[in-house]
Amino acid sequence: MNNEIKNKLLEIRNLKVVYETDLDTIYAVNGISFELDKGQTLGIVGETGAGKTTTALSILRLLPQDIGKITEGNIIFEGEDLTLVSESMMRKIRGEKISMIFQDPMTSLNPVLSIERQLLEALELHNTQNRDKNQLKARVDEMLELVGIPKNRKHEYPHQFSGGMKQRVVIAMALACNPLLIIADEPTTALDVTIQAQVLSMMKELKEKLGMSMILITHDLGIVAETCDKVAVMYAGEIIESGSIEDIFGREKHHPYTVGLFGSIPNLEIETPRLSPIDGLMPDPTNLPSGCKFHPRCPEAMEICSEELPPIIEYGSHTIVCHKFKKEGGVNEKN
Amino acid sequence: MYRYVIRRLLTLIPILLGIIFLVLFIMSFTPGDPASLLLGQDAPEEAIVQLNTELGYYDPLLVKYAKYIWNALHGDFGLSYRTQKPVFSEIIIRFPVTLKLAFYSVILTAIIGIPLGIISAVKKYKPIDMVCTSCAMVFASLPRFWLGLLLILLFSVELKLLPSNGVGTWKHFVLPVFTLAAPTAANILRLTRSTMLETIRQDYVRTARAKGASERLIIFRHELKNALLPVITSLGVEFGVLLGGAILIETVFSMPGISTLMITSIRMKDTPQVTASIIFFAILVCITMLLVDLIYALIDPRIRSKYIK
Ligand code: SF4
């Protein structure tokens with residue numbers, strides 16, 4: 001038990017994030033909680049607009065200035081609440097302890113700076129060991145080799161690289177300072193399918209080699225099955241189901257939304273006439289439905305679903321937030 | 001790179017051919033003939049006709065054009081009707097004044113416009129931004145000659161601090177340069193502000209922030225270089241505009257530059273002088289544009305690799 005506490009790297013408690021503009025308030029994240037141990041990989045799954053990226057940006061406190069706000073909750077990283085630390089402290093954490101890989105490698109590198117310059121920057125900003133310029137440059141070469149880019153290309157600029165290569169550069173940049181936690185926001189979505197697998201297996205390998213934790217944001221359950229230890233399924237800013245990889249992929253009981261998500265992956269073994277996406281659209285985040293936020297789209301919705309918040313049902317490490325399983329004897333925490 | 005520069009210089013040829021044609025074409029519409037201006041209204045009819053024939057005034061437009069180009073190819077741009085001296089000798093004497101005026105103005109434009117634009121963007125919607133953008137609005141819409149007159153009234157007539165005409169000392173340049181630069185600086189300020197605001201939203205800025213870069217580093221290393229690209233192009237274009245704007249300003253402040261020369265020549269129907277001055281301006285503007293493109297390539301590796309290929 002004691003050991004577990006020691007190993008805990010990140011804990012998010014009841015996090016709520018809104019985007020406030022003059023016209024609307026968008027409820028992007030509505031009270032999510034999860035934990036991540038050292039060395040673990042957590043997959044956050046969900047459709048576009050479920051609040052996955054917002055969650056990631058709040059951990060680094062990179063929400064759009066003046067608009068995005070954390071209204072409630074704690075983000076505890078290595079025992080420190082990141083919602084409370086100063087901005088200059090936060091700058092030390094960004095890139096050094098937590099780094100982020102963004103979705104689109106085409107736009108996430110600066111077009112007018114050389115690859116070397118951009119990698120070097122990350123190292124210079126967190127040069128805690130006071131290494132000199134040559135040592136830092138050697139480290140740049142080392143990082144490039146690590147992600148499979150010949151070091152003689154370091155003087156080139158982003159436009160001279162392909163999408164997959166750029167994402168490798170981004171990964172090298174994120175790993176340069178040996179962070180404890182990597183947040184990868186759909187790192188392969190913008191890439192060609194053949195390259196996706198390469199980049200993904202490289203990330204997995206490096207993560208293990210360097211002993212880091214990772215939060216992998218994706219909408220692809222296949223990727224999650226291959227890479228993650230834990231999974232959290234998000235819908236309308238809430239985690240509606242979470243558990244270990246075995247819980248999600250091995251057990252029978254699931255939240256109706258997760259069932260829908262599984263349904264929308266084409267299965268190679270069973271012949272399906274067509275993709276079966278979940279009917280309907282994400283709810284309007286400025287005006288969320290009452291009760292269970294999934295009820296307008298849920299094929300199993302009951303009367304109570306639109307009236308009462310669903311309970312949290314726990315089966316060991318597996319939790320499902322849904323009225324459907326209430327009778328079956330799970331532990332009810334919320335109501 | 002050299003190939004590119006040479007190619008660009010070669011494109012000057014059709015541009016100049018076109019400009020010469022346009023100038024001769026427009027001058028052929030203006031009333032009055034050179035001989036009566038040269039010899040005066042009272043000169044005998046035959047003398048005027050004879051001189052006009054000598055000067056080629058009665059030739060059809062295309063013949064004039066062909067003759068002009070033929071002579072120009074031999075380095076002969078004609079004698080000024082007014083002074084009877086080769087046209088370029090006059091231009092060379094007056095050129096430094098105009099160039100100084102435009103050059104100082106472009107520098108002042110950059111010195112005022114770019115930093116204020118950056119401050120405005122960084123402090124968006126804060127009081128300092130409001131002040132900058134409203135001042136920019138006022139200066140961008142003021143007519144230059146009027147601003148010049150106001151400044152003369154204030155600084156020369158009322159306060160007697162600065163001279164209102166001539167080119168003797170640096171003091172003579174203060175008012176004209178400021179008058180010339182104010183509206184352009186306002187434009188550059190607004191452009192810098194908007195391109196900065198655009199780059200602030202870019203993904204690579206977020207990446208830099210995720211690396212832990214400080215706000216200063218983000219502004220100067222990541223945003224500025226990208227935001228300045230369109231600003232530099234615009235400064236090049238503004239240089240052309242400033243050369244043109246100098247026409248009014250030289251007149252308002254009675255400065256002996258090319259512009260005043262051009263205006264006198266147009267009045268006197270001194271076609272060779274007008275044509276030569278305009279050609280001179282055209283070459284100057286084209287070279288500026290070329291320089292701007294080269295600077296662009298220096299900053300933006302994407303463009304650089306296009307040229308080197
Ligand atoms: S609580 Fe009701 S509406 Fe929501 S997922 Fe469960 S069954 Fe569907």
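Residues numbered from 1 in each chain as written. Chains lettered and ligands numbered in written order. Predicted model: local features only at pLDDT ≥ 70, side-chain atom pairs only at ≥ 80, totals over all residues. Heavy atoms only, no water.

**Student:** Describe the pattern of salt bridges, listing the residues and the values that go with them.
**Tutor:** Residue and element names in this part refer to chain A. Across all of its chains, the model carries 27 salt bridges over all chains by this definition. Close ionic contact of Glu 47 with Arg 297 constitutes a salt bridge, the shortest N to O distance being 3.2 Å. With Glu 47 in the loop between strand S3 (41–45) and helix H2 (52–59) and Arg 297 in the loop between helix H11 (256–263) and strand S11 (312–315), this residue pair connects regions lying 250 residues apart in the sequence. Given the relative accessible area of 23%, Glu 47 is considered partly exposed. Since its relative accessible area comes to 10%, Arg 297 is described here as buried. Residue Lys 97 pairs with Glu 78 through a salt bridge whose shortest N-O separation is 3.5 Å. With Lys 97 in the loop between helix H3 (87–93) and strand S6 (98–101) and Glu 78 in the loop between strand S4 (68–77) and strand S5 (80–81), the pair connects residues that are 19 residues apart, well separated along the chain. In the salt-bridge network here, residues are joined through shared partners; they are Lys 8, Glu 11, Arg 13 and Glu 35. (Salt bridge = Lys/Arg side-chain N within 4 Å of Asp/Glu carboxyl O. Helix = DSSP H or I, 4+ residues; strand = E, 2+ residues; numbered from the N terminus. Buried < 20%, exposed > 50% of the residue type's maximum accessible area, 1.4 Å probe, protein only.)

**Student:** Got a sec to walk through the nonpolar core? Specific residues and values, please.
**Tutor:** Counting residues in each nonpolar core, the largest one holds 52 residues, and the members touching the most others are Ile 101, Ile 171 and Tyr 257 of chain A. Leave out the neighbours within four places in its chain, and Ile 171 of chain A touches Ile 101, Val 147, Val 199, Met 202, Met 203 and Leu 206 of chain A. (Core = buried A, V, L, I, M, F, W, Y, C linked by side-chain atoms within 4.5 Å. Contact = heavy atoms within 4.5 Å.)

**Student:** Now, about the domain arrangement of chain B: what can you tell me, with residues and values included?
**Tutor:** Residue and element names in this part refer to chain B. Domain assignment breaks chain B into domain 1 (32–76) and domain 2 (94–308). Each of domain 1 and domain 2 has a C-alpha centre, and the two are 40 Å apart. With six residues of domain 1 at the interface, the matching set in domain 2 holds seven residues. Across the domain 1/domain 2 interface, buried area totals approximately 400 Å², and carbon plus sulfur atoms make up 70% of it. (Domains from an automatic or database assignment. Buried area = accessible area lost by both parts, 1.4 Å probe.)

**Student:** Tell me what's going on with helix H7 (residues 163–175) of chain A, and back it up with residues and numbers.
**Tutor:** Residue and element names in this part refer to chain A. Taking 1.5 Å per residue as the helical rise, H7 with its 13 residues ought to reach 18 Å, and the 18 Å between its terminal C-alpha atoms agrees with that figure. Most of H7 sits inside the fold, with 12 of its 13 residues counted as buried. Among the residues making up H7, those that are buried are Gly 163, Gly 164, Lys 166, Gln 167, Arg 168, Val 169, Val 170, Ile 171, Ala 172, Met 173, Ala 174 and Leu 175. (Expected span 1.5 Å × (residues − 1).)

**Student:** Requested: an account of the sheet that holds strand S7 (residues 181–185) of chain A, with residues and values cited.
**Tutor:** In sheet architecture, strand pairing relies on hydrogen bonds along the backbone and comes in two forms, parallel and antiparallel. All names here are of chain A. Taking strand neighbours across the sheet as the criterion, the eight strands line up as S6-S7-S8-S3-S9-S10-S12-S11 in an open arrangement whose pairing is mixed. Of all the strands in the sheet, just S6 and S11 have a single pairing partner and so form its edges. Pairwise comparison of adjacent strand axes, ignoring direction, gives a mean angle of 20° for this sheet. Across six bridges, strand S9 (residues 230–235) lies against strand S10 (residues 238–244) in antiparallel orientation. In the strand pairing of S10, Tyr 235 is matched with Glu 238. Here H2 sits on the sheet and contacts S3, S6, S7, strand S8 (213–218) and S9; the angle it forms with S8, its principal contact strand, is near 150°. (Pairing = 2+ DSSP bridges. Axes fitted to C-alpha atoms, helices over the stretch in contact; angles between N-to-C directions.)

**Student:** Could you give an account of the side chain of Ser 58 of chain A, naming the residues involved and the relevant values?
**Tutor:** Take Ser 58 of chain A: it is sitting in helix H2. According to the relative accessible area criterion, Ser 58 of chain A is buried, its value standing at 0%.

**Student:** Hey, could you go over a negative patch on the surface for me, with residue numbers and the actual values?
**Tutor:** Residue and element names in this part refer to chain A. Residues Glu 205, Glu 208, Asp 229 and Glu 246 make up a contiguous surface patch of negative charge. Looking at the element boundaries, Glu 246 is found in helix H10 (residues 245–250). Glu 246 sits in the exposed class, given a relative accessible area of 54%. (Patch = residues over 30% accessible without salt bridge, like charges linked within 9 Å, V, L, I, M, F, W, Y side chains within 5 Å. Areas by Shrake-Rupley, 256 points an atom, 1.4 Å probe, with all protein chains shown as cover. Lys, Arg positive; Asp, Glu negative; His and termini not counted. Charge placed at Lys NZ, Arg CZ, Asp CG, Glu CD.)

**Student:** Pulling in residues and values, what's your account of the side chain of Thr 54 of chain A?
**Tutor:** Residue and element names in this part refer to chain A. Its location among the elements puts Thr 54 in helix H2. Take Thr 54: its relative accessible area is 8%, and that puts it in the buried class. Setting aside chain neighbours within four positions, we find Thr 54 in contact with Val 17, Tyr 19, Ala 28, Val 29 and Leu 63.

**Student:** Hey, could you go over the interface of chain B and chain A for me, with residue numbers and the actual values?
**Tutor:** Listed per partner, the contact involves 22 residues of chain B and 27 residues of chain A. Buried surface at the junction of chain B and chain A, summed over both partners, amounts to about 2,300 Å²; 58% is from carbon and sulfur atoms. When residues of chain B are sorted by the area they lose upon contact with chain A, Arg 206, Lys 211 and Arg 221 of chain B head the list and together hold 28% of the total. The interface formed by chain B and chain A holds two salt bridges in total. Counting across the chain B and chain A interface gives 13 residue pairs in polar contact (both at pLDDT 80 or more). Mapped by element, the contributors of at least two residues to the side of chain B that touches chain A are helix H10 (203–210), helix H11 (215–252) and helix H14 (301–308) of chain B. When its residues are assigned to classes, the side of chain B that touches chain A shows six nonpolar, six polar and 10 charged. (Polar contact = N/O pair within 3.5 Å; in protein donor to acceptor, adjacent residues only side chain to side chain. Nonpolar A, V, L, I, M, F, W, Y, C, P; charged D, E, K, R; others polar.)

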